[in-house]
Amino acid sequence: MRTSPPPLADPATDDPPAVQAVALAHTARSPIVDAGGVTFVYRGEADAVNLRCWIHGLPAAQAFERVGETDVWVLRVELPENSRIEYKLEVVRGDETEWILDPLNPLHAADPFGANSVAQGHGYVRPDWTLPDPGARGGTVDEIALPSAALGEDRHVGVYVPARFRRTRRYPLLVVHDGYDYLRYANLQVVLDNLIHRLEIPPMIVALTQSPDRLREYAGDDAHARFVAVEIPARMQASFPLQPSPASRGLMGASFGAVASLHAAWRHPGAYGRLVLQSGSFAFSDIGHHRRTATFDPVARFVNEFRRRPGRPAERIHLSCGIYESLIYENRSLVPLLRHHGIEVRYEEVRDGHNWENWRDRLQAALTWLFPGPLWMVYE
Amino acid sequence: MQDVLILGPQFRAPNLRTALAKAGLGGPAVAITAGWQEREGELGALEEHLAAPVVDLRLYERAEAVFVQDPELHAACRARQGELRRMQELYRARLDHAKAAAREMLALEDDSAPARRARRSAIGALRRLDAEHLRDLEAMHARFDESWSPDRRPLLAGQRHDLASMIAAAAVVFVAGGHVAVLLNRMRLFGLGPVLRTRPVVAWSAGAMALSERVVLFHDRPPQGAGNAELFETGFGLVRDVVFLPHASSRLALQDPRRIGLMSRRFAPGHCYTLDDGDELHWHRGRLRTASGARRLTRSGGVLPAGVAA
């Protein structure tokens, strides 16, 4: 993905720049998407306007160009097919700098830190299974208190129970790190309802955990691993009719949540047969110190140890990462290691960043592979 | 002798009423909708289409009640399901290799005698694997029936008797589609195979699969990627030497001659019939009497109308 000056003198139209500036000034929506990329447009008084996005390999700020003497600012970004990026606009007026959502872009993505504007490149279509389907019967989410000896306190765990739940059936169990964030920012409940309704995954019980101190607990913490791999399954088994085999147990997480998932499965082999690891923060060093912040020190200790003796933390792992993430190298590096140790791995790279909508869009591929639904069995 | 009417899916464009009229079937009907699981017995659309009442045999509900009251039998059924699942996993692992070999041989641009022999041998290996799996399944069911005879389970015996009486009093039995494993499981639990041979039967989708001898699962376009068509279970054999392929237009790569040719040769001499909306096949006295819409897969990888000789 490269940036370049806006195509003001389009040879195809031969319109003079002033005419194109008028067209851009009246556009109701930004960015303007075409097969080669996107053109961001900002209208307003400013001394400078920058695109702020988090694309590995590109500068964190890319300057818009003012069109003549107008208050129209544009920036052309070459964006490969099917890309999706999240961004904000940095507007500079005198000594004041403000980061804002793109006023001409109605597409927003929320995350625990607020919201970003979303640029969908040519060819990207939001998957229909991420949108509410009136025909799909909805499951419910309730909360249970779980006293944890490992953590020395009670934790509240959300529990998704599928529609048409019956005690006489047995269900797979999926445990999700940052589960409430998945609900809020990755439409997890809608996705589960839809995939179950479409028979692409079986009805399943899903435990949603949320750590009050995730950067510490998710970074290779043994007490947290015990909570996730021993205490949660035991409590869920006591409360719900669950299938007993590791193949019916899944653990999922994104970013540090992926680290916590791999760590818990590694420390307790056999507890989970299926892992979903999304954009894992798998910092490591082959020699010397890793090149990330101190927050990653315990992560790198765990990942380095894991790389030395991976064992077999699960039978199947779905691993994914956006190619616009700085973590792409770490995630790619994990694939041959896992495969070498007899783990079935599906690895998916996409033109997206480190964000919840990337993780949302990967859920169908991950869950249908790890927990194939009765679609294979149903002939209505 | 028995009439068996096999239809395509009924939920979008039902043709049950016209098919019954053409076959000269009518009168009080009972239905098996256990494949619909929790939706069992939701017959509103079907009754509206027929403009006549239909009595559901409620196999799914009956089984649930039996399991609650006879936990020993329930545990045995679960154990059997576990064993069947494991058998299927192991068969599937072997199938992967056998199917890959057959595909590779069929893809050879080589018509020499050794290549032809290699192709025949690879398909033969696939057929032997299927046959072995089928024998294992039959043996497994026979063992279970012997160990858990309904004569020793009064509750189950009572339900079987009740169902046999209801079927005997009906002019026609419908077997609807849905989850084919659940449907087969419940029909087998209540011993409906022999009973169904006494009445005219109309079956569609998974119901049709259950009436054949070999139940073959298939889907070339699931989200997790295409799997191999796999022999899943023994059916009740009311119609012989056939494999039914419901929703073939959406689930099968019918335009891929290599895949279709392999499927046809794998299950020969049985015929593979597609069953899509509006399709209809009528067996009378064990012979295919009329066919409309349904297609048959050919050895060369094409599809022909069901009634036409290759």
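This is a predicted model, so every value here is computed, not measured. (Residues numbered from 1 in each chain as written. Chains lettered and ligands numbered in written order. Predicted model: local features only at pLDDT ≥ 70, side-chain atom pairs only at ≥ 80, totals over all residues. Heavy atoms only, no water.)

## A look at the overall build of chain B
Here is step 1 of the chain: Secondary structure assignment for chain B yields eleven helices and 14 strands.
Here is step 2 of the chain: Over its C-alpha trace chain B gives a radius of gyration of 20 Å, about what one expects of a compact globule, namely 19 Å for 310 residues.
Here is step 3 of the chain: With the principal axes as the frame, chain B shows a C-alpha extent of 60 × 45 × 40 Å.
Here is step 4 of the chain: The 310 residues of chain B split such that 55% are buried.
Here is step 5 of the chain: Long-range pairs, those at least 24 residues apart, make up 74% of the contacts in chain B with a sequence separation of at least 6.
Here is step 6 of the chain: In the form shown here, chain B has an accessible surface area of approximately 13,500 Å², with 52% of it arising from carbon and sulfur atoms.
Here is step 7 of the chain: Across chain B, the mean location of the 43 positive side-chain charges is 6 Å away from that of the 36 negative side-chain charges. (Helix = DSSP H or I, 4+ residues; strand = E, 2+ residues; numbered from the N terminus. Rg over C-alpha atoms; globule rule 2.2 N^0.38 Å. Buried < 20%, exposed > 50% of the residue type's maximum accessible area, 1.4 Å probe, protein only. Contact = heavy atoms within 4.5 Å. Areas by Shrake-Rupley, 256 points an atom, 1.4 Å probe, with all protein chains shown as cover. Lys, Arg positive; Asp, Glu negative; His and termini not counted. Charge placed at Lys NZ, Arg CZ, Asp CG, Glu CD.)

## Concerning helix α6 (residues 154–168) of chain B
All names here are of chain B.
Here is step 1 of the chain: Over its 15 residues, α6 extends 21 Å from the first C-alpha to the last, a length consistent with the 21 Å expected when each residue adds 1.5 Å.
Here is step 2 of the chain: Listed in full, the buried residues belonging to α6 are Leu 156, Gln 159, Leu 163 and Ile 167. One side of α6 carries all its buried residues, which in axial view fall inside an arc of 70°. Among the exposed residues of α6, those pointing more than 90 degrees away from its buried face are Pro 154 and His 161.
Here is step 3 of the chain: Of the surrounding secondary structure, the elements contacted by the buried residues of α6 are β2 (29–32), α3 (59–69), α4 (71–107), β4 (172–175), α7 (180–189) and α8 (192–196). (Expected span 1.5 Å × (residues − 1). Arc of directions from axis to C-beta.)

## Details of the nonpolar core
Residues and elements named next belong to chain B.
Here is step 1 of the chain: One finds Ile 6, Ile 32, Met 187, Leu 196, Phe 244 and Met 263 to be the most contacted residues of the largest nonpolar core, which totals 82 residues.
Here is step 2 of the chain: The element best represented in this core is α4, accounting for nine residues.
Here is step 3 of the chain: Excluding its chain neighbours within four sequence positions, the residues that come into contact with Ile 6 are Ala 203, Ala 208, Leu 211, Phe 244, Leu 275, Asp 279, Glu 280, Leu 281 and Trp 283. (Core = buried A, V, L, I, M, F, W, Y, C linked by side-chain atoms within 4.5 Å.)

## Examining the packing of aromatic side chains
Here is step 1 of the chain: Tallied over the entire structure, the rule returns 19 aromatic pairs over all chains.
Here is step 2 of the chain: Plain terms: the ring middles of Tyr185(A) and Trp356(A) are 6.1 Å apart, the flat faces sit at 50° to each other, and that makes the pair tilted. Of this pair, Tyr185(A) sits in helix α2 (residues 179–185) while Trp356(A) sits in helix α9 (residues 356–361), and the two are 171 residues apart along the sequence.
Here is step 3 of the chain: Note on Tyr185(A): relative accessible area 15%, which makes it buried.
Here is step 4 of the chain: For Trp356(A), a relative accessible area of 8% corresponds to the buried category.
Here is step 5 of the chain: Centre to centre, the rings of Trp266(A) and Phe302(A) are 5.3 Å apart; their planes meet at 55°, and the pair counts as tilted. Of this pair, Trp266(A) sits in helix α6 (residues 256–267) while Phe302(A) is found in helix α7 (residues 297–308), placing the two residues 36 residues apart along the sequence. Taken as a pair, Trp266(A) and Phe302(A) share a single burial class, namely buried.
Here is step 6 of the chain: By way of ring pairs, the aromatic residues Tyr182(A), Tyr185(A), Trp356(A) and Trp359(A) are connected into one cluster.
Here is step 7 of the chain: When the ring centre of Phe284(A) is taken as origin, the NZ or CZ atom of Arg307(A), which lies over that ring, is 3.9 Å away.
Here is step 8 of the chain: The cationic tip of Arg80(B) hangs over the ring face of Phe144(B); the distance from NZ or CZ to the ring centre is 4.0 Å. (Phe/Tyr/Trp six-rings, centres within 6.5 Å; stacked < 30°, edge-to-face > 60°. Lys NZ or Arg CZ within 6 Å of the ring centre and 35° of its normal.)

## Focus: the domain arrangement of chain A
Residue and element names in this part refer to chain A.
Here is step 1 of the chain: Each domain of chain A was delimited in the assignment, giving domain 1 (3–120) and domain 2 (128–376).
Here is step 2 of the chain: Taking the mean C-alpha position of each, domain 1 and domain 2 sit 35 Å from one another.
Here is step 3 of the chain: Each partner contributes to the interface: domain 1 provides 17 residues, whereas domain 2 provides 13 residues.
Here is step 4 of the chain: Buried surface at the junction of domain 1 and domain 2, both sides included, amounts to about 1,100 Å², of which 51% is carbon and sulfur.
Here is step 5 of the chain: The largest share of the area that domain 1 buries against domain 2 comes from His 56, Arg 84 and Pro 112, three residues that together contribute 47% of it.
Here is step 6 of the chain: A salt bridge links Arg 84 to Asp 352; the nearest nitrogen and oxygen atoms lie 2.8 Å apart.
Here is step 7 of the chain: The interface formed by domain 1 and domain 2 includes seven residue pairs in polar contact (both at pLDDT 80 or more). (Domains from an automatic or database assignment. Buried area = accessible area lost by both parts, 1.4 Å probe. Salt bridge = Lys/Arg side-chain N within 4 Å of Asp/Glu carboxyl O. Polar contact = N/O pair within 3.5 Å; in protein donor to acceptor, adjacent residues only side chain to side chain.)

## Considering the interface of chain A and chain B
Here is step 1 of the chain: Each partner contributes to the interface: chain A provides 18 residues, whereas chain B provides 33 residues.
Here is step 2 of the chain: The partner of Arg166(A) in a salt bridge is Glu38(B), with the nearest N and O atoms 3.9 Å apart.
Here is step 3 of the chain: Put simply, chain A and chain B have 15 residue pairs in polar contact (both at pLDDT 80 or more) between them.
Here is step 4 of the chain: Looking at which element gives the most residues to the side of chain A that touches chain B, the answer is helix α10 (residues 363–370) of chain A, with three residues.

## Comments concerning the pattern of salt bridges
Here is step 1 of the chain: Here the structure, examined in full by the defined rule, presents 47 salt bridges over all chains.
Here is step 2 of the chain: Notably, a salt bridge pairs Asp34(A) with Arg76(A), separated by 2.6 Å at the nearest N-O pair. Residue Asp34(A) is found in strand β2 (residues 32–34), and its partner Arg76(A) is found in strand β7 (residues 72–78); the two are separated by 42 residues along the sequence.
Here is step 3 of the chain: Relative accessible area serves as the criterion here: at 29%, Asp34(A) is assigned to the partly exposed category.
Here is step 4 of the chain: Among the salt bridges present, the one from Glu72(B) reaches Arg153(B), with a minimum N-O distance of 3.1 Å. Within this pair, whereas Glu72(B) is found in helix α4, its partner Arg153(B) is found in the loop between α5 (113–147) and α6, the two being separated by 81 residues in sequence.
Here is step 5 of the chain: The structure contains a network of salt bridges with shared partners spanning Arg84(A), Glu86(A), Asp352(A), Glu357(A), Arg360(A) and Asp361(A).

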